[in-house]
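Take a look at the letters that make up each chain.
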Amino acid sequence: MESEAHAVYRGRPLDLDDSFRLLQLLPGHLDEPVTIRLFSAQLSAAPSYEALSYTWGDPTLTSVIEALSDKGEDEHKPGLEFRSTANCHAALKRLRNPDANRVLWVDSVCINQSHIPERNHQVNLMARIYRAASRVVVYLGESDENSVVVLSWIRELDQPSDFGNGSGALPPSKEAVEGFFRRPWFHRIWVIQEISLAQKAVVVCGKDEVDWGSFTVLYQHNENATRAARLELPYPVTFASRYNKPYRDGAMTYARRLVRMLGRSRHCEATDPRDKLYAIIPLVNIRDGSRTEESWGEVLGISVDYSLSVDRVFTDMAVALLNQQVPLDDVLRHHVPGHEARGLSSWVSDWRIQRENSWRHAKYERIFKGFPGFGGHPVELMFDGVPGIILDKNGTRPAVVGYTDSSTDRCPIRVHAINVGNIIKTGPVCSVADDFFPVSNWKELVEEARRQGSVVPKLERLMEIMITLNLGYPNSVPRGVGLIERYNEEMEKGTCPRKPLRQVIGETASRSGARARHEMDAILSVCDGKRLAITDGGFVAVVPGNAEVDDAVWVLDRVRMPFVCRRTGSGEANGVRLIGASFVFGIMELEAMKEHVSDVRAKAEVMRRVEELVVE
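Residues numbered from 1 in each chain as written. Predicted model: local features only at pLDDT ≥ 70, side-chain atom pairs only at ≥ 80, totals over all residues. Heavy atoms only, no water.

An unreviewed UniProt entry lists the protein chain under the name Heterokaryon incompatibility domain-containing protein, from Podospora comata.

Here we take up the packing of helix α15 (residues 439-451) against helix α17 (residues 476-493). Running from N to C, α15 and α17 cross one another at 120°; their axes reach a closest spacing of 9 Å. It follows that α15 is oblique to α17 by the angle criterion. Along the contact surface, α15 presents Val439, Ser440 and Lys443, while α17 presents Val481, Ile484, Glu485 and Asn488. When grouped by side-chain class, the residues that make up the contact of α15 with α17 number three nonpolar, two polar and two charged. (Axes fitted to C-alpha atoms, helices over the stretch in contact; angles between N-to-C directions. Helix = DSSP H or I, 4+ residues; strand = E, 2+ residues; numbered from the N terminus. Parallel < 35°, antiparallel > 145°, perpendicular 65-115°, else oblique. Contact = heavy atoms within 4.5 Å. Nonpolar A, V, L, I, M, F, W, Y, C, P; charged D, E, K, R; others polar.)

This part covers the side chain of Ser265. The topology assignment puts Ser265 in the loop between α9 (254-264) and α10 (275-278). Residue Ser265 is classed as buried on the basis of its relative accessible area, which comes to 1%. A distance of 3.0 Å separates the side chain of Ser265 from the backbone oxygen of Met261, its partner in a polar contact. Excluding residues within four positions of it along the chain, Ser265 makes contact with Ile189, Ile192, Tyr235 and Ile280. (Buried < 20%, exposed > 50% of the residue type's maximum accessible area, 1.4 Å probe, protein only. Polar contact = N/O pair within 3.5 Å; in protein donor to acceptor, adjacent residues only side chain to side chain.)

Here the focus is the side chain of Arg102. Here Arg102 lies in strand β6 (residues 102-105). One polar contact links the side chain of Arg102 to the main-chain carbonyl oxygen of Leu95, over a distance of 2.7 Å. When sequence neighbours within four positions are dropped, the list of residues in contact with Arg102 reads Leu23, Gln24, Leu25, Glu50, Leu95, Asn97, Arg135 and Val137.

Looking now at helix α12 (residues 310-323). Under the 1.5 Å per step criterion, the end-to-end length of α12 is 20 Å for 14 residues, consistent within 8% with the ideal 20 Å. In terms of burial, α12 is largely enclosed, as eleven of its 14 residues are buried. Taken together, the buried positions of α12 are occupied by Val310, Asp311, Val313, Phe314, Thr315, Met317, Ala318, Val319, Ala320, Leu321 and Leu322. Positive backbone phi, approximately 70°, marks Gln325, located one or two places after α12. (Expected span 1.5 Å × (residues − 1).)

Strand order across the open sheet formed by nine strands is β5-β4-β2-β1-β6-β3-β7-β8-β9, with mixed pairing between neighbours. The open sheet terminates on both sides in strands that have one partner only, identified here as β5 (80-85) and β9 (208-211). Between one strand axis and the next, the sheet turns by 35° as a mean value, whatever way the strands run. Pairing between strand β2 (residues 35-42) and strand β4 (residues 62-68): three bridges, direction parallel. Bridge pairing in β4 links Ile36 to Ala67. In this fold helix α3 (residues 116-132) packs onto β1 (19-25), β3 (50-53), β6 and β7 (135-139), with an angle of close to 70° to the strand it touches most, β1. Together, β8 (201-205) and β9 form the strand contacts of helix α4 (residues 145-158), whose direction differs from that of β9 by roughly 30°. (Pairing = 2+ DSSP bridges.)

Below, the structure is given as structure tokens:
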């Protein structure tokens, strides 16, 4: 056999029109070598085929597949050696018929992954390929005792065998179901598209097969369950189960729905980080009736291009969103601290970071509709008694400066901003993973600010304002703070068994119900990775853990969360990099608003405080 993998594709590039390549899987038994034949076709006139949805797995673990010529030569003539990932090889062995050919589309085999133009072309076609397949076959891997029980139960939900006499499959434990859904397929970015666009789909796990419709029934069953019994289903399952239903965000533009979905799917994994965008863009419904998923590139001015760097793809997306009138607030809502050392501009979301913006756990972030310092209605705001500024309801839009030079993928923007103050003191960083929540130190900082004349309530009330504006359980936050303090004391003394902080909080809150547990868990989720800080203006703020003394807190025009920024020292006089969103007590809520300011000179004074920042 010829060992060069590229020889399998020699003379057959796929970079025009709707051409694509299919795989004919020759018959055989489970323990026999896998033999295939590749042939080219056109989507507009393709034979019936199935599309495989699976996970590539470790690319260093490979197995040999024999690829025969598509020239109609003798099947017994040795073919070319093709090395596939072990997962792909296992899927083909499992799906092979014992006595008949089977026609499949398998991305890692049917696309020459080393030929960038072909890869670009085929990825652009993938939505059409999965939609045109007679069936999508989901391969989860080989079965185990747990998967057999869970799949039997999922099938039973959809197709009860007991006819009401109670003899059907018993539901497995919640832990067993969640263990099943930890299989890698449920957490990959591409499978969202693959299963959502399928006309029909079947899930294969070892010898077991379950129709995908049964998973949709599971989703509906889960939606009707009590909060305590509800499962945390993977995003691909929830999205695919809702995909063809009326879109709750239907009033939003295509681009705004896109950025929201990018945020919801950011925890999904991808071998190539660029696929975090390429896999999602075609899925967002375009509601104007004149576009389909095939024309999504025209909407954004972005096409699949694996010759571009990851940073350039992420930056192009961010710029395209601004050009599509997506508010800067929506873009920055997915900003996660931690990519300062990368080549990205600091305002561009780094989708390689899988954790979400933890401010989403704060009810404030979801319900507050104004913008601190900049009226969104319009409104006039007060910063500690100083009148704010007036802008029209649309505010001003950030100006894209453009790529600075050919050697970098950074693209600064210019945005109006008001300085809230510079950080003069910080507390320790809260780290839930390390069971460290420095409540006592944070309380001391609040008391220090109060002694210096800052009008700020005690720490417990600050957390209530930040996390639970419409408290279901008014005492849950003070109780949670007290629990954390006692936990810290007992851990320091060594007087109790070692337990994770989140577990202790959860067990205690559960006695008051699921709502109380949710609110107390929000304390940990919002504060994790953050520290308390005092500014030179007397404000107390919760800031990112990587914020430092001398960093400045700015309110950006039409952005609802103030941001900690750091001077860059570049050629730009007002050049800054965003460190992360913050919560500044005293300017976030309606107590900071002033509807009527009669002193025109005071307004003019504040207008002079508005600066234009270059966010690099």
